[in-house]
Amino acid sequence: MGQWANASERPVVKASQGDEELRMIPRWSMVLAVLLFAGMQYVFHGVMPHYKHELLPMRLMMGYAWGTLVASYALLLGYVSRDVKRRGMSAGLWMLVCVVLPGGIGAVVYFMLRQPVLTRCPNCSTAVASTYHFCPQCQFQMAPVCGECHRSVKITDVFCTQCGHDLAVDGAPARLRVYSD
Ligand SMILES: [Zn+2]
Ligand SMILES: [Zn+2]
């Protein structure tokens, strides 16, 4: 069974997706967000002249709205700064795009064009995209695939949904066998 590359490692237990995404926001951007929010409150309540005191609710609302906007922009920048690295993209270029293009357009462009997350092959540490089924360097299997048509299957499937191949014939790779036994 050539397509099942051997590896004796047990599957690594990964943190839940939400936790991982939240940890993508660096400390500096959180601090920046708080500072910007506080700064906006200062601008609306300290710097702007208080001609009409009856407009206070309006000013409170504006201060809150603008503060939230700039704070979330800082968090977004922080997220992008870390996200580019795990995708092997140019950090400097994309930070510049996000800062220069107004109104968050840069961030939208970034989320449309970003590359898949890069991980390391557990067997040989080559950088591999999360969409790969096999490591390009050592044939280590990254995801369960059909032994006949090589399209991805779920580890709980008994037959391939694409070609009807009996998946039990293939045998499971060592690191996925833990699920089937
Ligand atoms: Zn490899
Ligand atoms: Zn198949």
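Residues numbered from 1 in each chain as written. Chains lettered and ligands numbered in written order. Predicted model: local features only at pLDDT ≥ 70, side-chain atom pairs only at ≥ 80, totals over all residues. Heavy atoms only, no water.

### A closer look at the overall build of the chain
Stage number 1. Counting secondary structure elements, the chain contains six helices and two strands.
Stage number 2. Taken from the N to the C terminus, the helices and strands of the chain come in the order α-α-α-α-α-β-β-α.
Stage number 3. In the chain, which comprises 181 residues, the proportion classed as buried is 29%.
Stage number 4. Counting only contacts in the chain whose residues sit at least 6 apart along the sequence, the fraction spanning at least 24 positions is 47%. (Helix = DSSP H or I, 4+ residues; strand = E, 2+ residues; numbered from the N terminus. Buried < 20%, exposed > 50% of the residue type's maximum accessible area, 1.4 Å probe, protein only. Contact = heavy atoms within 4.5 Å.)

### Here's the deal with the coordination of the zinc ion (ligand 2)
Four donors placed tetrahedrally about a metal ideally form angles of 109.5 degrees, and six donors placed octahedrally ideally form angles of 90 or 180 degrees.
Stage number 1. Surrounding the zinc ion (ligand 2) are the protein donor atoms C146 (SG), C149 (SG), C160 (SG) and C163 (SG), which sit 2.3 Å from the metal.
Stage number 2. Because the angles between the four donor atoms bound to the zinc ion (ligand 2) fall within 108 to 114°, the donor set is best described as tetrahedral.
Stage number 3. Within one chain, the residues donating to the zinc ion (ligand 2) are spaced in sequence as C-x2-C-x10-C-x2-C. Remark: C163 occurs in the loop between strand 2 (127-129) and helix 6 (177-180) and C146 occurs in the loop between strand 2 and helix 6; sequence separation between them is 17 residues.
Stage number 4. The exposure class assigned to C163 is partly exposed, which follows from its relative accessible area of 37%. (Donors = N, O, S within 2.8 Å, 3.2 Å for Na, K, Ca; no water. Tetrahedral: all angles 85-135°; square planar, octahedral: opposite > 155°, others 65-115°.)

### Let's talk about the coordination of the zinc ion (ligand 1)
Stage number 1. Surrounding the zinc ion (ligand 1) are the protein donor atoms C121 (SG), C124 (SG), C135 (SG) and C138 (SG), which sit 2.2 to 2.3 Å from the metal.
Stage number 2. One way to put it: the four donor atoms around the zinc ion (ligand 1) meet at angles of 107 to 113°, and that makes the site tetrahedral.
Stage number 3. When the donors of the zinc ion (ligand 1) are listed by position in the chain, the intervening gaps give C-x2-C-x10-C-x2-C. One end of the pair, C124, is in the loop between strand 1 (118-120) and strand 2; the other, C135, is in the loop between strand 2 and helix 6, and 11 residues separate them in sequence.
Stage number 4. A residue is classified by how much of its surface remains accessible, and C124, at 31% relative accessible area, is partly exposed.

### Remarks on the environment of T119
Stage number 1. Tracing the chain through its elements places T119 in strand 1.
Stage number 2. Judged by its relative accessible area of 34%, T119 falls in the partly exposed class.
Stage number 3. Separated by 33 residues in the primary sequence, T119 and R86 have C-alpha atoms spaced 7.6 Å apart.

### A short note on the nonpolar core
Stage number 1. L77, V80, V84, M89, W94, C98, A107 and Y110 together form the largest nonpolar core, which totals eight residues.
Stage number 2. When residues of this core are traced back to their parent elements, those giving at least two are helix 3 (56-86), helix 4 (91-100) and helix 5 (105-113).
Stage number 3. The contacts of V84, once residues within four sequence positions are left out, are M89, S90, A91, W94 and Y110.
Stage number 4. Core analysis: the next-biggest nonpolar cluster, separate from the first, contains five residues, C121, C135, F140 and M142 among them. (Core = buried A, V, L, I, M, F, W, Y, C linked by side-chain atoms within 4.5 Å.)

### A short note on the confidence of the model for the chain
Stage number 1. Here the chain averages 81 in pLDDT, and 82% of its residues register 70 or above.
Stage number 2. By mean pLDDT, the top-scoring element of the chain is helix 2 (residues 27-47) (91), and the lowest-scoring one is helix 6 (48).
Stage number 3. Overall, residues 1-13 carries pLDDT values under 50, and its contacts beyond four positions in sequence, including any with other chains, amount to 27 contacts.
Stage number 4. Scored below 50 in pLDDT, residues 177-181 makes six contacts in the model with residues more than four places away or belonging to other chains. (pLDDT = per-residue confidence, 0-100.)

### A short note on helix 3
Stage number 1. Relative to the 45 Å expected for 31 residues at 1.5 Å per residue, helix 3 spans 46 Å between its end C-alpha atoms, a close match to the ideal helical length.
Stage number 2. Just past helix 3, the residue G88 takes up positive phi, approximately 65°. (Expected span 1.5 Å × (residues − 1).)

### Regarding the pattern of salt bridges
Stage number 1. For the coordinates displayed, the defined rule picks out three salt bridges.
Stage number 2. Ionic pairing is found between R86 and D83, a salt bridge with its closest N-O pair at 2.9 Å. Taken together, the residues span about one helical turn, with R86 and D83 both in helix 3 at a distance of three residues. Accessibility assignment for this pair places R86 and D83 in one class, buried.
Stage number 3. Between D83 and R114 there is a salt bridge, and its shortest N-O distance comes to 2.9 Å. Separated by 31 residues along the polypeptide, D83 in helix 3 and R114 in the loop between helix 5 and strand 1 bring together distant segments of the chain.
Stage number 4. Taking relative accessible area as the criterion, R114 reaches 27% and is therefore assigned partly exposed.
Stage number 5. Through salt bridges with shared partners, one network takes in D83, R86, R87 and R114. (Salt bridge = Lys/Arg side-chain N within 4 Å of Asp/Glu carboxyl O.)

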